[in-house]
There are 2 protein chains.
Amino acid sequence: MSNKLMDAVTDSLSLSDAMAAAAAEIDQALDVVLPPEDGPEAPLYAAMRYAAIGGGKRLRGFLVLEGARQFGVSRQAALRVAAAIEMVHAYSLVHDDLPAMDNDDLRRGKPTVHKAWDEATAILAGDSLLTHAFTVLGEDDTHPDPAVRIELVRCLSRAAGPRGMCGGQMLDMLAEQAGAPLDEPAIGRLQTLKTGKLIEFSAEAGAILGKAHSAQRHALLAYGRDLGAAFQIADDVLDATATAEQTGKATGKDAAAGKATLVGLLGLERARLQAERLVAQAKDHLDGFGERAELLRMLADFVIARRS
Amino acid sequence: MSNKLMDAVTDSLSLSDAMAAAAAEIDQALDVVLPPEDGPEAPLYAAMRYAAIGGGKRLRGFLVLEGARQFGVSRQAALRVAAAIEMVHAYSLVHDDLPAMDNDDLRRGKPTVHKAWDEATAILAGDSLLTHAFTVLGEDDTHPDPAVRIELVRCLSRAAGPRGMCGGQMLDMLAEQAGAPLDEPAIGRLQTLKTGKLIEFSAEAGAILGKAHSAQRHALLAYGRDLGAAFQIADDVLDATATAEQTGKATGKDAAAGKATLVGLLGLERARLQAERLVAQAKDHLDGFGERAELLRMLADFVIARRS
């Protein structure tokens, strides 16, 4: 392990505390904004809660909270936006795991929603999480200024929609069906759309909430872009090298499915170097921010040092 | 046929012209707001367009346009909202038709999206239409006032989400799985959520766009509620009595699937009477509106007089 990575692991002790605390807060926020398991529709609400609460690193939510903290945004507002983004992320996992898509049985160490319930419930729970995220953003509690709330809606829907996450998932499926390996630009496009746009928006959201001026908003967005790209490479590296026990989901699936990843194209070492370059670049975007952005800098190191 | 129904059929000649013209305008608006079939994601965009453009009566879109006309709202604004709601309606059909849900091969006289493409594309096209609807509502062109745009987002997402359409679809599935007949209140709840809320919002949306005062907004909402309930009964009557050729979709499926409908519970004649009562009630809500609301009154008669 390089000195740089050693430092990152040391730093990540305080980072991981901060992330764990944020994850707990986000779970509380999700518990408040999601429908309680009451009434005749209760099985749907149970599946939504199962998919959204109590799992994952909450990378996207943490980015919202830390971005918002740069501008002194109220914690309640930031947590609602973090919860909305995590709902969108959770919906995408529920649908991606479906038999017609990636056909995964295991997610975050638990049976996937279509395994714990059935396919129809999983489709509906995903649809519901996606739709409910916009209800949460739309409500007054998220921000007193309607212009801020609608800007969040516009940016989140773009990041998640046909020119964002959904488009990326389509490219992923098409690449698998074609069976021919993608080149580097095509893999870059796929990953930018599939995971990059939502991570980018997560970093940007705090600036929107804080009505930051455009240079600051753009700096956070650029940070999120590089962080997201590094994160994706690290994810692919983990899929290639870790066990299911470590990650809480099926691993080695990319290679088995002939999936297009940079690791497959460049090999492990060159992919890792590229991720390190991206992390350095991500941190450079935070130069205009002070001490308060320290957790965001540490997070950049963490995404490629993590082991699960 | 009663005199009342005869009158409705005569009136519906001008209504059907107005509806056909509105449907054409809505298709044009959808063509503008949906992503063009370009780039590597083109198959996704093609499936979205196939699902959303060129089919159906556009009842929901027509309600938006006519509601907006009561308050002199710009046609462009009303058409964008009509397009957004029709995208949400189209997404719900694409997902409901999936093998894991209603397993339909035919919709609006064409193969369903999972038949014309595959299941994964259908899931993604549905997700994309839903998400893109919020992008359209979020953009400045929909209304200059962000408070109006976010109110549309809030109300649409509630109507379509876990306490609206998704919740209703869940109840429908649970009723089928249970195999036991629902009672009248339970059927009412199912239909209110599954189709009622979105129709209600379609009628209300014009008042939101027009910043109508709350009595007018509520009158349109109440009109939409009764109209939606009547429409649902008429739909069930058609399913029980019409042919697939007439409706452009599979019929007789409710009875075959043991689905919970008022027709099944009350019989055809009592169900028809209830629909007529609802139509009269819907028109009463328009008493405060003048000549301009005439098409909305005719529409109420039309929904139970239609034969496809």
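Right above here is the structure, for reference.
Residues numbered from 1 in each chain as written. Chains lettered and ligands numbered in written order. Predicted model: local features only at pLDDT ≥ 70, side-chain atom pairs only at ≥ 80, totals over all residues.

Engineer: Outline the overall build of chain A, supporting the account with residue identities and numerical values.
Structural biologist: Helix and strand content of chain A: 15 helices and two strands. Across the 308 residues of chain A, 56% fall into the buried class. For chain A, restricting intrachain contacts to residue pairs at least 6 apart in sequence, the fraction spanning at least 24 positions comes to 72%. (Helix = DSSP H or I, 4+ residues; strand = E, 2+ residues; numbered from the N terminus. Buried ≥ 20, exposed ≤ 12 C-beta atoms within 10 Å, placed from the backbone. Contact = placed C-beta atoms within 7 Å.)

Engineer: Would you mind going over the interface of chain A and chain B in detail, with residue names and values included?
Structural biologist: On the chain B side, the residues contacting the 44 residues of chain A number 44 residues. Elements represented by at least two residues in the side of chain A that touches chain B include exactly α2 (42-52), α6 (119-138), α7 (146-160) and α8 (165-178) of chain A. Ranked by residues supplied to the side of chain A that touches chain B, first place goes to α6(A) with 12 residues. Of the residues assigned to the side of chain A that touches chain B, the class counts are 25 nonpolar, 10 polar and nine charged. (Nonpolar A, V, L, I, M, F, W, Y, C, P; charged D, E, K, R; others polar.)

Engineer: Report on the environment of W117(B), specifying residues and quantitative values.
Structural biologist: Residues and elements named next belong to chain B. Inspection of the secondary structure puts W117 in the loop between α5 (113-116) and α6 (119-138). Separated by 71 residues in sequence, W117 and A46 have C-alpha atoms that sit 9.9 Å apart. Apart from residues lying up to four places away in sequence, W117 is in contact with P43, A47 and A122.

Engineer: Which residues make up the environment of L156(B), and what values go with them?
Structural biologist: Residues and elements named next belong to chain B. Assignment of secondary structure puts L156 in helix α7 (residues 146-160). By C-beta crowding, L156 is classed as buried, having 29 other C-beta atoms within 10 Å. Along the chain, L156 and H218 lie 62 residues apart, while their C-alpha atoms are 16 Å from each other. With near-sequence residues (within four places) excluded, L156 lies in contact with A84, I85, V88, L137 and F201.

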